[in-house]
Every structure is written in C-alpha cells, then in structure tokens.
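# Descriptive structure summary
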Amino acid sequence: MKKFNVFSLARETLRGHKGWGKQWDNPEPKKQYDVIIVGAGGHGLGTAYYLAKEHGITNIAVLEKGWLGGGNTGRNTTIIRSNYLYDESAGLYNHSLKLWETLSQELDYNVMFSQRGVMMLAHNVHDVQSAQRHVHANRLNGVDNQWLTPQQAKEFCPPLNISKDIRYPVMGAALQKKGGTARHDAVAWGYARKASAMGVDIIQNCEVTGINRSPDGKVTGVETTRGTIGAKQVGVVAAGHTSVLMEMAGVRMPLESYPLQALVSEPVKPCFPCVVMSNAVHAYISQSDKGELVIGAGTDSYVSYSQTGSLHILQHTLDAIIELYPIFSRMKMLRTWGGIVDVTPDRSPILSKTPVQGLYVNCGWGTGGFKATPGSANVFAHTIARDEPHKINAGFNLDRFKTGRLIDEAAAAAVAH
C-alpha cells in the first residue's frame with residue numbers, strides 16, 4: 001500500500017490540475033510582483049484568488065513561512081454564522097455566508113459546507129434579553145435568526161439538557177438556521193488550487209523578515225529567508241503574527257494575542273444535529289462528518305504566542321459540556337490543540353489601508369476568522385486593487401481607534417469570547 005506524507009498527498013490530490021505543482025514545489029520567487037500577500041491561510045489565499053478573478057491582477061506571490069493552511073486555518077472549529085449585532089459586522093459576515101453557500105461550486109472543490117443551524121443558548125435574564133436583541137437586530141439587517149423556547153431548543157437538538165435544576169438552566173435560544181459548518185482547511189486548498197491555476201505563485205517555507213520602503217515611505221517589497229522580493233503593494237494576512245510583521249514597517253497595531261483552545265472526541269455515529277454555543281458556560285459543540293465531537297473552549301486570560309494553553313480552560317469547558325449534554329459524559333477526548341488569535345480593543349477585525357502607502361492589513365479576527373474567510377478575502381482584494389475600502393469593510397479601518405468610532409462586538413457579543 002502506498003504511503004503518503006502531507007506533501008505527497010497534496011500532490012496526488014492536485015495532480016492533473018493546471019498549475020498544481022507551483023505551491024507544493026515552491027517556485028523560485030520572481031524579483032518583482034505587483035502584489036505580495038503575506039500568509040497562505042484561507043484569508044490570504046482567498047485574497048489572491050479574488051485579486052486574480054475579479055480584478056485581473058495575477059502577478060501575485062503568496063508567501064508563507066510554514067506550509068499552506070498550517071496556521072489558524074488548520075486549527076479552527078469549523079463554525080459559520082452571521083448573527084452579529086452591529087450593522088457593520090452583520091454586513092460583513094452575511095456577505096461571507098452568502099459566498100460560503102456557493103463556494104464549493106465556484107472553486108470546484110468540496111469545502112463540505114453544511115447549513116445545519118447554529119443555536120445560541122440563554123441561561124439567565126440577561127442572556128435572554130441580549131439574545132432577543134440580536135434576533136430583532138439581525139432581522140432588520142436581513143440576517144435570519146429566531147427565538148426558541150427551551151422545549152423548541154430541545155426539539156431542534158435532542159441531546160440538550162433542559163432540566164431546571166442544573167447549574168445553568170436553558171431559558172431559551174436564538175437559532176440561525178443558515179449557519180453551520182465547513183471543512184476547516186478545505187477553503188485554503190480550494191482557493192490555492194484556483195489561484196495557482198490563474199498564475200499566482202504560492203511560496204511556502206518563505207518567512208518575511210523585513211518590509212522594505214522607499215525614501216518617500218512607499219512599500220517596495222519584502223525581505224525573506226529566500227531573498228529580497230519586490231512589489232508595489234503588500235497585504236499582511238498572518239493571524240497571530242500581524243503585530244510583528246507590521247512593526248517591520250513602523251506601524252504599531254492595536255492588537256493583543258491570546259491562545260485559543262479546542263478539542264475533539266473519539267468518533268461516534270451521528271447524534272448531534274447542529275452547532276450549539278453557550279455564553280455563560282463558555283463552551284460550544286458540533287459533530288464532524290467523521291463523527292468526532294468538535295468542542296470549542298475559551299481564550300486564556302494572559303497574552304501569549306503559545307499554541308497550547310492552560311489545562312483549566314479545557315477542564316472548565318468539558319464540565320460545561322457534560323452538564324448540558326449528559327449523554328457525552330463517558331466519551332473519550334482524542335486530542336487538543338490551540339491557535340493564536342489576535343484581538344482588537346473592540347473585538348472586531350481590521351481590514352484596512354495603513355499609513356504606509358502600498359501596505360494593507362487584514363487582522364484582529366479573534367474567534368471570528370474562519371466564518372469570515374470568503375467575505376474577508378473578497379473585500380480585502382477590493383481594498384488592495386482599488387486602494388480604497390469596499391463599502392462592506394469601510395468601517396473596519398485603523399482610524400477608528402483614533403476617532404473612537406468602534407464596532408464594539410466585545411460588549412454586544414452573544415459568544416463567550
């Protein structure tokens with residue numbers, strides 16, 4: 001039986017596709033590109049794809065210090081939803097959700113998008129008021145959301161415990177039926193394949209060590225472990241490392257980085273039909289197509305670049321899962337992992353030009369990056385190509401931290417983090 005490592009498996013997967021070998025064989029970088037994208041995750045590869053498809057820019061290099069999709073794109077918990085409170089957030093995430101709905105067909109690559117529904121539990125009066133506020137605000141923005149009684153929540157998700165004598169009794173839930181899940185890293189593979197076919201160079205094992213500027217301050221390219229690469233425009237899309245990269249250009253970012261943890265169980269037959277999130281008990285859960293329970297935990301309370309995190313976070317999460325879903329109390333956990341999330345003061349992302357001409361940044365997604373992938377990439381490509389924001393991401397600019405016009409999803413969030 002033939003054995004594959006990750007790179008040979010990727011070659012077999014992409015074999016026969018025009019340009020399939022570029023990203024895996026690491027082409028020698030050209031001396032000059034029109035655009036450099038730093039970061040070969042879903043957002044970065046998607047940006048390159050939309051620059052080529054919608055704006056006709058194909059002389060692009062996507063630089064990755066590790067391997068394609070090996071950062072947070074390979075460490076997320078697959079959830080997709082758009083039920084955010086504020087107009088700007090609802091607009092961006094709903095734009096993304098609509099792109100998710102046809103992404104497999106567009107990329108000719110199965111991203112395993114499943115609109116199984118995302119249900120958000122309420123455990124106290126404040127939760128109920130906050131969730132119902134979200135329902136009404138979402139409907140005004142054309143985002144589907146509805147309020148469920150505890151019994152209706154139980155009918156939608158039979159394993160849910162709605163007993164009144166538990167620590168955090170379920171008092172209701174908000175349900176977005178169009179929300180769901182997708183394969184966590186397939187979106188990166190799909191975008192990579194299509195972008196490569198259009199002439200985009202995807203260069204792995206190529207760490208950016210400096211951002212070069214002309215005497216008048218314009219971006220001229222980057223320094224890398226594979227030499228100097230020139231470009232008229234540089235877009236930084238590197239979750240967990242944005243502050244370090246932007247410092248190379250003299251731009252200080254309003255970001256903090258935290259470890260975010262998750263874990264999966266042993267696989268079992270289908271038993272959990274949707275995604276359920278809970279604020280008060282700080283845990284969310286779904287079931288993958290392989291049968292594993294995918295369990296999301298919280299961020300650690302300290303700033304760090306660690307990809308492990310604290311044991312007590314996982315313990316707290318599992319305690320909550322067992323209380324809400326007693327049928328899972330004897331299941332074994334197979335593995336845990338962590339990602340590094342960048343967080344802004346208002347817990348909303350940055351999709352923006354910077355004070356440095358020709359330098360653009362996409363960062364600060366916290367826990368919302370995966371669900372935003374196609375929408376974020378689409379509007380970020382517009383921002384780079386036109387040198388001005390798309391109307392959807394106009395509010396997510398760097399200047400808001402000077403003017404105070406924040407999009408404060410931290411205070412409004414119906415999630416635990």
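The structure this text deals with has already been given above.
Bear in mind that the values here come from a model prediction, so they are computed numbers and not experimental data.

In this section: the overall build of the chain. Looking only at helices and strands, the chain has 12 helices and 18 strands in total. Taking 22 Å as the expected radius of gyration for a compact globule of 417 residues, we find that the chain reaches 21 Å, a close match to that expectation. C-alpha extents for the chain along the principal axes are approximately 65 × 60 × 40 Å. The 417 residues of the chain split such that 57% are buried. Restricting the contact set of the chain to residue pairs at least 6 apart, pairs at least 24 apart contribute 76%. Summed over its atoms, the accessible surface of the chain is roughly 17,700 Å², and 51% of this surface lies on carbon and sulfur atoms.

Put simply, helix 4 (residues 87–107) and helix 10 (residues 373–386) touch, their axes get as near as 6 Å, and they point 110° apart. If you check the angle between helix 4 and helix 10, you find them roughly perpendicular. Mapping the contact onto sequence places Leu92, His95, Ser96, Leu99, Trp100 and Leu103 in helix 4 and Thr373, Pro374, Gly375, Ser376, Asn378 and Val379 in helix 10. Among the residues making up the contact of helix 4 with helix 10, the classes are represented as six nonpolar, six polar and no charged.

Our next topic: the environment of Ser89. In this structure, Ser89 sits in helix 4. Overall, the relative accessible area of 2% leaves Ser89 in the buried class. Through-space distance from the C-alpha of Ser89 to that of Asp127 is 20 Å; in sequence the pair is 38 residues apart. Filtering out sequence-adjacent residues up to four positions away, Ser89 remains in contact with Tyr84, Ser348, Phe396, Ile407 and Glu409. At 2.8 Å, the side chain of Ser89 forms a polar contact with the side chain of Glu409.

A word on the pattern of salt bridges. Note that side chains of opposite charge can pair when their charged atoms are close. Under the defined criterion, the tally for this structure stands at nine salt bridges. The partner of Glu28 in a salt bridge is Arg226, and the shortest N-O contact between them spans 3.4 Å. Here Glu28 is found in the loop between helix 2 (22–25) and strand 1 (32–38), whereas its partner Arg226 is found in the loop between strand 10 (219–224) and strand 11 (227–236), with 198 residues between them in sequence. Given a relative accessible area of 26%, Arg226 falls into the partly exposed group. Put simply, Glu323 and Arg167 hold a salt bridge, and the shortest N to O gap is 3.6 Å. Of this pair, Glu323 sits in helix 9 (residues 311–324) while Arg167 is found in the loop between helix 6 (150–156) and strand 6 (172–176), placing the two residues 156 residues apart along the sequence. The buried category is assigned to Glu323, whose relative accessible area is 15%.

Here we take up the sheet that holds strand 4 (residues 118–122). The strand order across the open sheet formed by eight strands is 5-6-4-13-14-15-12-16, and the pairing between neighbours is mixed. With one partner strand each, in any of the chains shown, strand 5 (146–148) and strand 16 (333–343) form the two edges of the open sheet. Shown here is a sheet whose adjacent strand axes are inclined to one another by a mean of 20°, direction ignored. Looking at chain direction, strand 12 (residues 256–265) and strand 16 are connected through 10 bridges and run antiparallel. Paired with Ser257 across the bridge in strand 16 is Asp342. Across the sheet, helix 9 is in contact with strand 4, strand 12, strand 13 (275–278), strand 14 (283–287), strand 15 (293–299) and strand 16; its angle to strand 15 comes to roughly 130°.

This paragraph deals with the nonpolar core. Core analysis: the biggest nonpolar cluster contains 49 residues, and Leu45, Ile60, Val62 and Trp100 have the highest contact counts within it. If you list the elements that add at least two residues to this core, you get strand 1, helix 3 (42–55), strand 2 (60–63), helix 4, helix 7 (186–197) and helix 10. In contact with Ile60, other than residues within four places in its own chain, are Tyr33, Val35, Ile37, Ala48, Leu51, Ala52, Val200 and Asp201. Counting 28 residues, the second largest nonpolar core, distinct from the first, contains Val219, Val251, Ile350 and Val361.

The next subject is the environment of Val264. Residue placement: Val264 occurs in strand 12. A sequence separation of 163 residues divides Val264 from Glu101, and the C-alpha atoms of the two residues are 26 Å apart. With sequence-adjacent residues up to four places away left out, Val264 is seen in contact with Glu292, Leu293, Val294, Met333, Leu334, Arg335 and Trp337.

The next thing to look at is the environment of Gly217. With respect to the secondary-structure elements, Gly217 resides in the loop between strand 9 (208–213) and strand 10. Overall, the relative accessible area of 15% leaves Gly217 in the buried class. Taking C-alpha positions, Gly217 is 9.4 Å from Pro355, a pair spaced 138 residues apart along the chain. Each residue touching Gly217, except ones within four places of it in the same chain, is listed here: Val356 and Gln357.

In this section: the packing of aromatic side chains. Applying the stated criterion to the full structure yields 10 aromatic pairs. Aromatic side chains Tyr49 and Tyr191 sit 5.4 Å apart centroid to centroid with 40° between the ring planes, which places their arrangement in the tilted category. Here Tyr191 lies in helix 7 and Tyr49 lies in helix 3, a separation of 142 residues in the sequence. Here Tyr49 falls in the buried class, since its relative accessible area comes to 3%. Judged by its relative accessible area of 0%, Tyr191 falls in the buried class. Relative to Phe113, the ring of Trp100 has its centre 6.1 Å away and its plane inclined at 20°; by these criteria the two rings are stacked. One end of the pair, Trp100, is in helix 4; the other, Phe113, is in the loop between helix 4 and strand 4, with 13 residues separating them in the sequence. Phe113 carries the same exposure label as Trp100, and that label is buried.

Definitions and limits used
- Residues numbered from 1 in each chain as written.
- Predicted model: local features only at pLDDT ≥ 70, side-chain atom pairs only at ≥ 80, totals over all residues.
- Heavy atoms only, no water.
- Helix = DSSP H or I, 4+ residues; strand = E, 2+ residues; numbered from the N terminus.
- Rg over C-alpha atoms; globule rule 2.2 N^0.38 Å.
- Buried < 20%, exposed > 50% of the residue type's maximum accessible area, 1.4 Å probe, protein only.
- Contact = heavy atoms within 4.5 Å.
- Areas by Shrake-Rupley, 256 points an atom, 1.4 Å probe, with all protein chains shown as cover.
- Axes fitted to C-alpha atoms, helices over the stretch in contact; angles between N-to-C directions.
- Parallel < 35°, antiparallel > 145°, perpendicular 65-115°, else oblique.
- Nonpolar A, V, L, I, M, F, W, Y, C, P; charged D, E, K, R; others polar.
- Polar contact = N/O pair within 3.5 Å; in protein donor to acceptor, adjacent residues only side chain to side chain.
- Salt bridge = Lys/Arg side-chain N within 4 Å of Asp/Glu carboxyl O.
- Pairing = 2+ DSSP bridges.
- Core = buried A, V, L, I, M, F, W, Y, C linked by side-chain atoms within 4.5 Å.
- Phe/Tyr/Trp six-rings, centres within 6.5 Å; stacked < 30°, edge-to-face > 60°.

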